Amino acid sequence: MKVGIITVTYNSRDVLEDFFLSIRAQTYSEYTLYIIDNASSDETCSYAEQQMSRNSVLIRNAENFGFAAGTNQGIRRALADGCESVLLINNDVIFGPDLLGQLVEGLSIHQCGLVTPLMYYYQPSDQIWTAGGKLQRYMGFRSLHIGDG
């Protein structure tokens with residue numbers, strides 16, 4: 001299963017080093033990384049270009065279209081390129097080398113259309129931030145984290 005990894009950047013240079021280290025460490029290799037840049041004025045794009053591998057795409061927007069529009073732009077491109085699944089991920093996170101493999105395995109085992117990993121706080125790193133979630137219909141489908149703390 002080919003996965004499109006989508007991240008939206010905006011003046012994100014300070015957090016990209018750990019993000020790219022996490023991407024390069026992945027044991028699952030059937031992916032393309034889509035970096036959607038919303039008109040960064042720092043060194044985000046030049047640093048990303050230096051770190052990109054053969055399976056990476058950088059899309060530079062001339063203006064800041066916002067996170068949702070950038071995400072949708074990345075999803076459309078990934079699907080057009082033949083990705084069967086997409087992973088939406090912020091670029092200020094650190095993740096283990098088995099993230100993609102475990103998510104793909106979860107999709108297969110559970111025959112479902114959506115999975116999410118267990119997420120921890122940066123500090124303290126052993127404290128759960130979310131173990132999934134649900135949408136609150138009566139609150140305009142606001143998300144509610146399960147497992148915080």
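In what follows, the structure referred to is the one given above.
Residues numbered from 1 in each chain as written. Predicted model: local features only at pLDDT ≥ 70, side-chain atom pairs only at ≥ 80, totals over all residues. Heavy atoms only, no water.

1. Side note on the nonpolar core
1) Next: Ranked by size, the top nonpolar core spans 21 residues in total, and within it Val3, Ile5, Phe19, Phe20 and Leu87 carry the most contacts.
2) Next: Every element with two or more residues in this core is listed here: strand 1 (3-9), helix 1 (16-24), strand 2 (31-38), helix 2 (44-51) and helix 4 (99-110).
3) Next: Contacts of Leu87, omitting those with residues within four sequence positions, involve Val3, Gly4, Ile5, Ile6, Leu99, Leu100 and Leu103.
4) Next: Core analysis: the next-biggest nonpolar cluster, separate from the first, contains 8 residues, Ile36, Ile59, Ala78 and Cys83 among them. (Core = buried A, V, L, I, M, F, W, Y, C linked by side-chain atoms within 4.5 Å. Buried < 20%, exposed > 50% of the residue type's maximum accessible area, 1.4 Å probe, protein only. Helix = DSSP H or I, 4+ residues; strand = E, 2+ residues; numbered from the N terminus. Contact = heavy atoms within 4.5 Å.)

2. Some thoughts on helix 2
1) Next: Buried within helix 2 we find Thr44, Cys45, Tyr47 and Ala48. Down the axis of helix 2, the buried side of the element spans an arc of 165°, and every buried residue falls inside it.
2) Next: Elements that come into contact with the buried residues of helix 2 comprise strand 1, helix 1, strand 2 and strand 3 (56-61). (Arc of directions from axis to C-beta.)

3. Details of the state of the cysteines
1) Next: Enumeration according to the criterion identifies 0 disulfides in this entry.
2) Next: You can see Cys83 has no disulfide; the closest cysteine sulfur is in Cys112, sitting 18 Å from it.
3) Next: By relative accessible area, Cys83 is classed as buried at 5%.
4) Next: Of the residues examined, Cys112 reaches a relative accessible area of 32% and is grouped as partly exposed. (Disulfide = S-S within 2.5 Å.)

4. Points about the pairing of strand 7 (residues 133-136)
1) Next: One ladder, built from 4 bridges, connects strand 7 with strand 8 (residues 142-145); its direction is antiparallel. Of the residues in strand 8, the one forming a bridge with Leu135 is Ser143.
2) Next: With antiparallel pairing between neighbouring strands as the criterion, strand 7 and strand 8 make up a hairpin whose turn holds 5 residues, including Gly140 at a positive phi of roughly 70°. (Pairing = 2+ DSSP bridges.)

5. Concerning the packing of helix 1 against helix 2
1) Next: Where helix 1 contacts helix 2, the axes come no closer than 11 Å and their chain directions differ by 25°. One element, helix 1, and the other, helix 2, form an angle in the roughly parallel class. The interaxial crossing formed by helix 1 with helix 2 has right-handed handedness. Each of Leu16, Glu17, Phe20 and Arg24 in helix 1 lies in contact with helix 2, whose residues at this interface are Thr44, Tyr47, Ala48 and Gln51.
2) Next: Here the contact of helix 1 with helix 2 is composed, by residue class, of 4 nonpolar, 2 polar and 2 charged. (Axes fitted to C-alpha atoms, helices over the stretch in contact; angles between N-to-C directions. Parallel < 35°, antiparallel > 145°, perpendicular 65-115°, else oblique. Left-handed = near helix turned anticlockwise from the far one by under 90°. Nonpolar A, V, L, I, M, F, W, Y, C, P; charged D, E, K, R; others polar.)

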